[in-house]
Amino acid sequence: MTEDWLKERVWPHFSLVMKREEIYLANHSLGRPPDLAGHDVASGIGAWYQDMDGAWKWWLVAMNWFRENTAKLIGGDYVVPKTSAGQGLRAVLNALPLDTINVVTTTEEFDSIDFILRAYEERGRAKVNWVPPSRGFLFDTADLLAAIDETTDLVVISMVIYSTGQIIDDMAQIIRKVHSVDALVLVDVYHAAGVIPIDMFSLSADFMIGGSYKYLRGGPGACWLAVHPRNMDLKTLDTGWFAKEDPMSFQRASDAPRGDAWLESTPAILPFYQSRAGLQFTLDLGVPRIREHSLMQQSMLRDAFRENGVECFEPDDPHTFGAFSLVPCDDAAGAVKCLKEAGVNVDSRGDKIRFSPDVLNSEDELKEAARITGNIL
Ligand SMILES: Cc1ncc(COP(=O)(O)O)c(C=O)c1O
């Protein structure tokens, strides 16, 4: 994917968002939407105007498309739509038939996941072993392996750490350890989906959670829980009539047989439309190609930082980090404010500024962003 090719074949599909006069490098936070996203949402509403209750036929087609194509993206086969990733975690916690769930997780799960686990812990519904990073801000797989033992029921772990971009290495080994003690594992792939190739089946992950508002360019609300087929018999309390074998029969029974077992109440429909073009775009371009391009851009950005005297974090192996680069800074939030005023849109977590180029950024933009960052810092 050369810049000329992207300019000709890709950028015209993002004409609305590319009108903005700024260098947008917060693609890891809120992805840029294709022009088609607005048309797709209008078509979801159009079905309602036109067909009223007949719209359900089209809405369910849109839902199934979302489920099937998300499954394709992550190499799984059963995807449950959710409006947040946290909902996916709760559905799993509420499926385990235990009074208190022994959870192993890290201290760097995204706030939503962290907060939910703390809420369960506070109520005595979970006992959580929080594993901290031990190589500076980086996690060591050995610490995670050591924390998982015969008492563990569930491991909750990000594939890519949201604050640093570290890819947890040897996830397959962690998952083998989880299974060797008869526990289950939920992998949060929100910071990987759409930028790092994922294969749920070859990893043998029990559950994955993720969503569309970052690299998948689908906006908030289009999230999901993927369930490995071997866990279909677990009955989550997060259920509702869409999980019944025959929802339209309106038969009452507390032990109604489950059909599409992990579905719950009436789903939010418009997120399926809003996220469709972004997901299709990602699948068309192909995650391996997107990853290759992202690594190339990040290397270019780090070169430009060096040329401008900016001390960025230099990974030993860039392949072990996700789709954004870090610039450590004591007042990262203050620097982000100045960068935004100067036309460079980025964000920060703790004492690190996060820069995430994507296929819509030119080489000139990366050089200019590094120059402005050099001036500000
Ligand atoms: C790793 C990770 N998980 C989950 C989320 C979002 O969680 P939720 O959809 O529950 O708000 C984010 C959002 O930034 C994230 O980075």
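Per chain, the residues get numbers from 1 upward, laid out in the order the sequence is written. Reporting in this predicted model follows two pLDDT cut-offs: at least 70 for local features of residues, and 80 or more for side-chain atom pairs to be given and counted; totals over whole chains, interfaces and linings ignore these cut-offs and use all residues. Side-chain numbers come from the whole structure's heavy atoms, not from hydrogens or water.

Chemist: Just checking my understanding: could you explain the domain arrangement of the protein chain for this structure?
Modeler: Interfaces are often sized by the accessible area lost when the parts come together. The split of the chain into domains comes from an automatic or database domain assignment. As far as domains go, the protein chain holds domain 1 (3-30 + 286-376) and domain 2 (42-282). The distance between the C-alpha centroids of domain 1 and domain 2 comes to 28 Å. Only heavy atoms matter for contacts: two residues are in contact if any of them lie within 4.5 Å across the pair. Between domain 1 and domain 2, the contact holds 26 residues from the first and 22 residues from the second. Taken over both partners, the interface formed by domain 1 and domain 2 buries close to 2000 Å², and the fraction arising from carbon and sulfur atoms is 68%. Two parts placed together each lose some accessible area under a 1.4 Å probe, and the buried area is that loss summed for both.

Chemist: Explain the packing of aromatic side chains to me, please; I cannot follow it from the model alone.
Modeler: Ring pairs shown here join Phe, Tyr and Trp side chains whose ring centres sit within 6.5 Å, with only the six-membered ring taken for Trp; geometry is labelled stacked below 30 degrees between planes, edge-to-face above 60, and tilted in between. Under the defined criterion, the tally for this structure stands at 13 aromatic pairs. A ring pair is formed by F66 and F272, whose centres lie 5.2 Å apart and whose planes are at 50°; its orientation type is tilted. Residue F66 is found in helix α3 (residues 55-74), and its partner F272 is found in helix α9 (residues 270-274); the two are separated by 206 residues along the sequence. Just as F66 is buried, F272 falls in that class too. Seen in terms of ring centroids, F110 and Y162 are 5.4 Å apart; in terms of plane orientation they differ by 85°. Their pairing is edge-to-face. Residue F110 is found in the loop between β3 (101-106) and α5 (111-122), and its partner Y162 is found in the loop between β5 (154-158) and α7 (171-180); the two are separated by 52 residues along the sequence. Judged by its relative accessible area of 30%, F110 falls in the partly exposed class. Put simply, the rings of W48, W56, W59, W241, F242 and F250 touch in pairs and so form one group of aromatic residues. Over the face of the ring belonging to Y78 we find R67, whose NZ or CZ atom lies 5.2 Å from the ring centre. Of note, K214 hangs over the ring of Y190, and the distance from its end group to the ring centre comes to 5.4 Å. Counting from the N terminus, the helices are the DSSP runs of H or I reaching at least four residues and the strands are the DSSP runs of E reaching at least two. Burial classes: relative accessible area under 20% of the type maximum marks a residue as buried, over 50% as exposed, and values in between as partly exposed (1.4 Å probe, protein chains only). In this scheme, the term charge over a ring applies when either NZ of a lysine or CZ of an arginine sits within 6 Å of the ring centre and within 35 degrees of the ring normal.

Chemist: What's the story with helix α2 (residues 36-51) in this structure? I'm lost.
Modeler: One turn of the α-helix equals 3.6 residues, which is why residues spaced by three or four share an orientation. Here α2 is 16 residues long and its end C-alpha atoms lie 22 Å apart, about the 22 Å a rise of 1.5 Å per residue gives. Within α2 the residues assigned to the buried category are A37, D40, G44 and A47. Contact partners of the buried residues in α2: α3, α9 and α10 (276-285). By this rule the span expected of a helix is its residue count minus one, scaled by 1.5 Å.

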